[in-house]
Amino acid sequence: ISFLVFKAGADAEITSNWNRISWQAIRFRPRILKPLNCVNISTTLLDTPFSAPFFISPAGGGKLANRSGEVLLTKAAAKHGILHFVCNNAGCTQQEIADARGPDQVLYWQIYAMKDLAGTEREIKQAIASGYKGFALTVDAIHVGKRERDMRLSIATSEGDSNGLNDDDEDSGLSGGISVSRLAVYSDFDWITAIKWLRQITNLPIAIKGVQCWEDAALCMHHGVHPWLSNHGGRQLEGAPSAVETLLEIHQHCPAVFDKSDVIVDGGITRGTDIVKALALGAKGVGLGRAFLYALVFGEVGISRAIRILQLEVETAMRLLGVASINELSPSHVSMPGSF
């Protein structure tokens with residue numbers, strides 16, 4: 001059941017699969033005869049330096065993978081100097097995760113604006129008091145996507161002769177699923193009111209998670225927040241663009257976004273080469289969610305192993321491209337197809 005919860009995507013999961021495939025459509029353009037004594041993969045994201053440009057994305061359900069939950073993600077992130085962007089739907093509490101930090105470790109906190117906005121405001125203030133240094137407001141889930149893998153599981157595990165069907169409610173079991181466990185979110189925000197509300201609470205760095213077109217990335221830049229290109233892991237709108245497609249849109253229509261904002265991406269990242277492609281296309285930080293939940297099954301050692309694999313893959317890709325540091329990467333190092 002845990003795997004099905006983590007794996008579930010919207011509808012037939014075409015978008016979830018496309019997230020992964022779309023990175024493969026980008027090809028490298030290596031430069032040769034470039035002397036390299038060492039490779040430095042460190043970077044800065046939302047004003048904080050980290051040892052690597054990839055991070056543990058906010059993803060709920062950690063205790064489904066391991067009874068100790070997300071605190072193990074935090075400890076492994078501390079060991080390797082990478083970011084843990086904590087999910088507000090984590091199985092461990094905000095304070096438990098804060099208490100698991102290593103010396104000088106920086107954590108960021110992801111939020112949904114719930115219908116009880118006062119409760120969300122308390123959550124943000126408590127995160128600040130607990131030492132979290134940045135926030136991401138997820139905005140692409142004002143309505144839950146239809147997750148058919150969840151629905152099939154619900155039918156398969158239902159009791160009685162009804163096979164999960166309910167004559168009293170024609171819509172029962174037709175949307176959402178067991179991979180969704182949060183309360184209703186606040187759906188009345190627009191750009192002005194959302195940013196104003198957040199800025200009345202904190203001046204810490206803010207990312208808007210769920211950007212899926214260049215126009216909204218440009219609005220992030222205009223409002224002084226950072227665009228997080230994401231389609232919710234392919235779990236919301238079937239047919240939504242991958243982060244690659246949105247990166248290419250921004251290059252075409254509003255490249256200033258890359259100079260004035262920290263662009264973050266996630267979705268379909270499975271290898272260090274995917275990370276390097278995203279960096280070459282202008283991303284500052286690259287998130288992985290499911291990958292680290294799968295690694296969490298093996299405890300802290302499993303997460304550390306996953307981090308080390310990705311570090312080595314990023315370093316290897318950079319060496320073979322002929323670059324010594326993240327800031328040397330550029331669109332000239334990749335070949336972008338004219339159309340997906």
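What you see is a predicted model; the values in this text were computed from it and never measured.

1. Points about the UniProt feature "binding site: FMN" (unreviewed entry) in the protein chain
Item 1. As recorded in UniProt, the sites labelled "binding site: FMN" (unreviewed entry) are Pro-58, Ala-59, Gly-60, Gln-110, Thr-138, Lys-209, Ser-230, Gly-289 and Arg-290. In the annotated group above, the largest cavity draws its lining from Pro-58, Ala-59 and Gly-289.
Item 2. Structurally, Gln-110 can be placed in strand β6 (residues 107-111).
Item 3. Relative accessible area serves as the criterion here: at 2%, Gln-110 is assigned to the buried category.

2. What to know about the sheet that holds strand β10 (residues 264-266)
Item 1. Taking strand neighbours around the barrel as the criterion, the eight strands line up as β4-β5-β6-β7-β8-β9-β10-β11 in a closed arrangement whose pairing is parallel. For this sheet, the mean inter-axis angle between neighbouring strands, taken without regard to orientation, is 30°.
Item 2. In this structure, strand β5 (residues 83-86) lies alongside β6, joined through three bridges in parallel fashion. If you follow Phe-85 over to β6, its bridge partner there is Tyr-108.
Item 3. Sitting on the sheet, helix α10 (residues 243-253) is in contact with β8 (206-211), β9 (226-229) and β10, with an inclination near 140° to β9.

3. Here we look at the pairing of β9
Remember that side chains alternate between the two faces of the sheet whenever the strand is regular.
Item 1. Burial along β9 is two-sided: the face carrying His-226 and Trp-228 and the face carrying Pro-227 and Leu-229 are both buried.
Item 2. Pairing analysis gives four bridges linking β8 to β9, with the strands arranged parallel. Note that in β9 the partner of Ala-207 across the bridge is His-226.
Item 3. Assessed by its sense of winding, the connection that carries the chain from β8 through helix α9 (residues 214-223) to β9 is right-handed.

Reading the values: the criteria
- Residues numbered from 1 in each chain as written.
- Predicted model: local features only at pLDDT ≥ 70, side-chain atom pairs only at ≥ 80, totals over all residues.
- Heavy atoms only, no water.
- UniProt positions renumbered as here; feature names shortened; annotations may be inferred.
- 1 Å grid on protein atoms, 1.4 Å probe; cavity = no way out; pocket = protein on both sides within 12 Å on 5 of 7 lines; lining within 4 Å.
- Helix = DSSP H or I, 4+ residues; strand = E, 2+ residues; numbered from the N terminus.
- Buried < 20%, exposed > 50% of the residue type's maximum accessible area, 1.4 Å probe, protein only.
- Pairing = 2+ DSSP bridges.
- Axes fitted to C-alpha atoms, helices over the stretch in contact; angles between N-to-C directions.
- Contact = heavy atoms within 4.5 Å.
- Right-handed = clockwise from strand over helix to strand, strands pointing away.

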